[in-house]
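Listed here are the chains, written in short residue letters.
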Amino acid sequence: MKKFNYPLFQVEQMTALGSDLDSCIEWCDRSDQDLVNQQLKGQERLQALLPNGLYWTYGTAPTERSTFDYLSLARSHIAGAVRAHDQQVALVADRPELLDALFSALLAECYRLPSFKKEARPQQNLRIALIGPIHADLVAQRLAEAEGNAYARYLTELPASELNPWSYRELVEDLAEAEGWDCRVYRYRELEQMGAGAFLAVARGSANKEASIVRVHYHGDVDSVETVSLVGKGITMDTGGYNLKTAGMFGMNTDMNGSAIVLGNLLAATRRGSHVNLTGWLAITDNQIGPAAYHANELVRALNGTTIEIVDTDAEGRMVLADTLTLASREHPKAVIDFATLTGACVAALSTRYSGVFTNQEAWFLPLIESGKQSGERVWPFPIDADYDEHLSSTVADIAQCHPGTSSDHIDAARFLSRFIEANVPWVHVDLSAAHHKAGLAHVPTAVTGFGVRFTQNLLKMLF
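Cut-off values and rules
Residues numbered from 1 in each chain as written. Predicted model: local features only at pLDDT ≥ 70, side-chain atom pairs only at ≥ 80, totals over all residues. Heavy atoms only, no water. Phe/Tyr/Trp six-rings, centres within 6.5 Å; stacked < 30°, edge-to-face > 60°. Helix = DSSP H or I, 4+ residues; strand = E, 2+ residues; numbered from the N terminus. Buried < 20%, exposed > 50% of the residue type's maximum accessible area, 1.4 Å probe, protein only. Pairing = 2+ DSSP bridges. Patch = residues over 30% accessible without salt bridge, like charges linked within 9 Å, V, L, I, M, F, W, Y side chains within 5 Å. Areas by Shrake-Rupley, 256 points an atom, 1.4 Å probe, with all protein chains shown as cover. Salt bridge = Lys/Arg side-chain N within 4 Å of Asp/Glu carboxyl O. Lys, Arg positive; Asp, Glu negative; His and termini not counted. Charge placed at Lys NZ, Arg CZ, Asp CG, Glu CD.

(A) Just the packing of aromatic side chains, in detail. A complete count under the given rule lists 11 aromatic pairs for this structure. Judged by centre distance (4.9 Å) and plane angle (90°), the ring pair of F4 and Y151 falls under edge-to-face. Of this pair, F4 sits in the segment before β1 (9–14) while Y151 sits in helix α4 (residues 136–157), and the two are 147 residues apart along the sequence. Its relative accessible area of 22% is what places F4 among the partly exposed residues. Ring geometry for W364 and F464: centres 6.1 Å apart, planes at 85°, overall edge-to-face.

Structure below.
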């Protein structure tokens, strides 16, 4: 498997430009360079090679905007501003929100997704000088979040031939050992003995019974046993099962994005030295077709005893999450937050610019929205009132897997998942409709966005 190769960034806060720079990216009301001001001629952006050999990119500072807008503008401003041979770059801004956005965009731009081409470009190490108002703690936070986001994008981009249930489990075990995380693997046979029938219904089609639920734990506060649990859907390839994806399954190797966001968050917390204990739960399998694969009209019994009538094998995400949420919430953490590329209905409702959120804590609606605004990874809450259960009624089981006709499936899926959260455990479900956005989103320039790392890091600081 191609390893995660992250660039080396050396960052220094400075008060003036050094003499050994290759490029400078400036975002101010007026440029520090008279030559740039003379050449602007009414333009808002200019790139010029100065007589001293410095490649200068200037943009006129925008008026007050949202964090998302600043990040989006910074991504556009950064494009083409760093050349392939550049080693030392300065970022100059006269307002903290501008320098923050430029820095975030540069870090995202410089990470190159894994490539299997004969002539793949290597990662570009950079020395970065920050000139302008920005707090050192925020610099450290952005570096950690950028690496976590890059790791999530790396995993999501890997082809299905590279990342399968067996190799993914091994990767997580190796990562946990390298980062000093506790790691516990619930293998197929053990899950059978435990009665995790919802997860195993999907996993039955996976070759050689390699599916597993993996628990990893980051010790951020060694003096406390309290933790926040992050749960991720890890479907390494989703064919749709016997309800075959008629629109095609190209790109369904990315259906493990929820689990990638969990690992990205644990890595970001580790790099930051966060003081919150985090427990990651990864539901790792694929959704295949074969003699043992599950099918419609089956009846399965979940880990918590709930019986489920299978309606559509392409609604596999809620099945693997059900038992994983039970395991996570049985530890009675301070909160359970799950991440999944779960429903097309959420994309239809929000497009791929926002992700949907659901929670059993009404008081968290505003903090969830605010965390999305502050991080630039925007979310919007949906209802999960009990009367939506009409869509999940079954004559033969406690609950139907999904509604057999057209419905508000993103809400139905959240109602389904809520059945597997233990009593009195606070819970947030993130339906990652913004996991993939053509041409990039906010500061991230790739279609695979890594959405959820900045949002979650911000939410953890806000709530815990």
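(B) Up close: the pairing of strand β5 (residues 88–93). Here β5 lies mainly inside the structure; 6 of its 6 residues are buried. Neither face of β5 is left uncovered, since the one carrying Q88, A90 and V92 and the one carrying V89, L91 and A93 both have all their residues buried. Summarising the sheet, strand β2 (residues 23–28) and β5 pair through 5 bridges and their orientation is parallel. Residue pairing across strands places S23 opposite V89, the latter belonging to β5. The pairing of β5 with strand β6 (residues 126–131) spans 5 bridges and is classified as parallel.

(C) Structural view of a negative patch on the surface. A surface patch of like charges, here negative, comprises E362, D385, D387 and E390. Examined against the element boundaries, D385 turns out to sit in the loop between β15 (379–381) and β16 (399–400). Take D385: its relative accessible area is 43%, and that puts it in the partly exposed class.

Geometry only, nothing functional implied.
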